Each structure stands twice: as structure tokens, then as C-alpha cells.
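What follows is each chain in one-letter form.
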Amino acid sequence: MTAILHVRCAAVLTEEGYREVLALLREFSPLVQALPPRAALVQVRGAQRYFGADPARIAELVRLRTVARLGTDVRIGVAGTRSVAATASDRVPEPGGILAVPDDAVPAFLAPLPVEALHGLGDRQAKALRGYGLHTVGALTAVPAGVVERILGTRAGRLAVERARGVDPRPVTPRDLPASATARTRFDRQELDGPHARAALLTLVVRLGTELRGRRQAARALTLTLRFADGTRWEKTRRLLEPSAHDEDLRTLAYRLMDAAGLQRARLTGMVLRAEDLTGAGPVTRQLTLDAVRESRLTVEAAVDRANARFGPGTVRPAATFPRRSPVLA
């Protein structure tokens, strides 16, 4: 039975705006799973009788209310499984709309799509499949499952084949917007100097890492927001390979985010670095490595945390975070 909505906001929202969307979705079902920064899953099987409507009609009501109340358009995929619903929402043109895929139409919907469109398949995995002549989702179902498993590995290959066939037993698990931690700075004048902007970003990384470790939390993703002199902003989110609160891991991903912005001579007025999808540090397993440099850095990091806890925040910090003119921290 088609009963899952994958709702994707067409515009980048503030955390407050995203929470408003989640609250609106709960008017239709208590089974709402947040997928930050701007998507969510809704199980509407129980809501069909209450509203006297099928899932596609409920999706139309969701879209009408988000536009009318919040001024936010959404793209909604409607299907019987999470992965098909997510794939459908990806195929809805901007700025918004609805694509419903009935259970009996799933094979015809998925088969002609490029392998990159299969929800949950990474770029490297798609490239590997293309290297063996498997260019479409339908091709994954036309060859023995063992072939795909040999290309991608047993677990990843099995999941790819199941998703290609529309099989996804994962339920919608109610989950609110995960806690986040934020560090921000604004410049006392328009910032044009790339190295200085990067030094300011490093300051945010250090502050964020210190806060996370103090709260015994780890981040699964980082979001970087850059604000410009003309009033516009740029924002991008990327996930860490594994949850972390270590400065080295946060710094590497933060620098990649800034590189992705391609700033050149952009006039910056401020930046915000936010740790997303937090988890407790306790369950995060620290893998022992053979990288002596990394192990030394982690040891130093712990010592710096102890020194700053005793003598005050920022007493010990990277030399690059001493800017030539200090930004105003907020």
C-alpha cells in the first residue's frame, strides 16, 4: 500500500523554518522522521481514513498548507517504501510538486532511471557500476544479484539490488530535528582576504569542537553558511565519514565546504558553522589507527582542552586563529 511521503523543501530554510515544516507535517501523522537539513518522511497509512483521502491527495494538502501558511514550496514523492518515495521526490521539477508512484508502477518507474538516481547509491558506487556497463536501475535487476555484489561488495551490492527492485523494509521512525551546535562570526568590515577568512573559519572549528567535546557529543554533518555584502548567502551541508568532535576532522570538512563555495573575490560579512545530527560521544567508537601524527594530535587536543578548562577558553589555540584584525564574535 502506497503510504509514505518524502517531503523535500524547495528552498534552504533556517532551523526555525524547518521546525515549522515538521510541526505542520505532524498535523497529518505522528509518524514524522526529520531528515535535516530540509527533508522529512511521513507515514500516512493511518491518516487516510481520518482525512478520507488517499496518500496522493494528502500530499496535495501538505503542499497547499506549506505554501499558504509558511510560504515554502515542497517537492513530495509518494510511494510504498522510503527509498522509492525519496527517489520520486528527486524527480519532481523545481520549485515544487508531487510525484506519486503506485506499488504496481514501481518497476516501470525505476527501470529507466540512471543508476545515480537510485536513492542511497553513492557517486563512487554509481561510477563502478557504469564501468561494468550497468547504466540504469533496470540493469541492476536484469543481472544476477551476485554480479552487483562482486562489484560493490556483499552488503552494498545486496542493498543496491533490493532498492532497484523497490524493496525497502525500513519503517518511518518518529524523530525530531536533532540537536545542533553553532559557532558564528561577523566581520567588522567586508572581508576580501581568502587566508584571513579561512583563519576565521578555523576559529569557528575550534570553538565548535571544544563545545561538542564539552557536551560529550559528536557531529555527523557540518553546515557552512556564508553571508555576503549584497545581502545574499551561500549554504552547504556535508556529512562526516563518521561522527566526530575532533578539530582535525571538523577542520578538514569545513575547509572542503569553503572550497566548494569558490569564493575568489567575494565580499564576506560573516559566516556560520553548524554541527548537525549530533549523537552522544559515548556510543562513538574511536578506531585505533597506525597514523602516529593523528594520535599525537588527539593527545595534544585533550591537553589543550584541559588547559582551556583551567585557565579560560581560548588560552591555548592554533596560531592561525590570531587574526590581523579580530572579527566580532556573536
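These figures come from a predicted structure and were not determined experimentally.

Undergrad: Looking at this structure, how should I read the environment of Ser 29?
TA: Checked against the element boundaries, Ser 29 lands in the loop between α1 (15–25) and β2 (32–35). In this structure, the C-alpha to C-alpha distance between Ser 29 and Val 42, residues 13 residues apart in sequence, is 6.8 Å. In this view, Ser 29 contacts Val 42 and Gln 43; residues no more than four positions away in its chain are not counted.

Undergrad: I would appreciate a short explanation of the packing of aromatic side chains in the present structure.
TA: Two aromatic rings, taken as a pair, are described by how far apart their centres are and by the angle between their planes. For the coordinates displayed, the defined rule picks out two aromatic pairs. Aromatic pair Phe 28 and Phe 51: ring centres 5.2 Å apart, planes at 25°, arrangement stacked. Of this pair, Phe 28 sits in the loop between α1 and β2 while Phe 51 is found in helix α2 (residues 47–51), placing the two residues 23 residues apart along the sequence. The interplanar angle of 80° and the centroid separation of 5.0 Å between the aromatic rings of Tyr 50 and Phe 51 together place this pair among those described as edge-to-face. Feature note: the residues Phe 28, Tyr 50 and Phe 51 constitute an aromatic cluster, connected by ring pairs.

Undergrad: Just checking my understanding: could you explain the pattern of salt bridges for this structure?
TA: Two side chains of opposite charge can pair, provided their charged atoms sit close to one another. Enumeration over the complete set of coordinates arrives at 14 salt bridges. Among the salt bridges present, the one from Arg 75 reaches Glu 94, with a minimum N-O distance of 3.6 Å. Here the residue Arg 75 occupies a position in strand β4 (residues 74–79), and Glu 94 occupies one in the loop between α4 (82–90) and β5 (97–100), the gap between them amounting to 19 residues. A relative accessible area of 8% means that Arg 75 is categorised as buried.

Undergrad: What is the right way to look at the side chain of Thr 279 in this model?
TA: Checked against the element boundaries, Thr 279 lands in strand β10 (residues 279–280). Among the polar contacts made by the side chain of Thr 279, one reaches the side chain of Arg 220 at a distance of 3.4 Å.

Undergrad: Would you explain helix α3 (residues 55–70) in this entry?
TA: Each turn of an α-helix holds 3.6 residues, which means side chains three or four residues apart point in the same direction. Between its first and last C-alpha, α3 extends 22 Å over 16 residues, near the 22 Å set by a 1.5 Å rise per residue. Taken residue by residue, α3 has Pro 55, Ile 58, Ala 59, Leu 61, Val 62 and Thr 66 as its buried positions. Viewed end-on, α3 has its buried residues packed into an arc of 160°, placing them on one side of the element. Along α3, the residues that are exposed and aim more than 90 degrees away from the buried face are Leu 64 and Ala 68. Of the surrounding secondary structure, the elements contacted by the buried residues of α3 are β1 (4–9), α1, α2, β4 and β5.

Undergrad: Would you explain the sheet that holds β2 in this entry?
TA: What links the strands of a sheet is backbone hydrogen bonding, and the strands pair in either a parallel or an antiparallel sense. In space, the five strands of this open sheet follow the order β2-β3-β1-β4-β5, with mixed pairing throughout. The strands lining the two open edges of the sheet, one partner per strand, are β2 and β5. Going from strand to strand, the sheet's axes swing by 15° on average, the running direction of each strand aside. Here α1 sits on the sheet and contacts β1, β2 and β3 (39–43); the angle it forms with β2, its principal contact strand, is near 160°. Of the strands in this sheet, β1, β4 and β5 touch α3, which is tilted by about 165° from β4.

Calculation criteria
Residues numbered from 1 in each chain as written. Predicted model: local features only at pLDDT ≥ 70, side-chain atom pairs only at ≥ 80, totals over all residues. Heavy atoms only, no water. Helix = DSSP H or I, 4+ residues; strand = E, 2+ residues; numbered from the N terminus. Contact = heavy atoms within 4.5 Å. Phe/Tyr/Trp six-rings, centres within 6.5 Å; stacked < 30°, edge-to-face > 60°. Salt bridge = Lys/Arg side-chain N within 4 Å of Asp/Glu carboxyl O. Buried < 20%, exposed > 50% of the residue type's maximum accessible area, 1.4 Å probe, protein only. Polar contact = N/O pair within 3.5 Å; in protein donor to acceptor, adjacent residues only side chain to side chain. Expected span 1.5 Å × (residues − 1). Arc of directions from axis to C-beta. Pairing = 2+ DSSP bridges. Axes fitted to C-alpha atoms, helices over the stretch in contact; angles between N-to-C directions.

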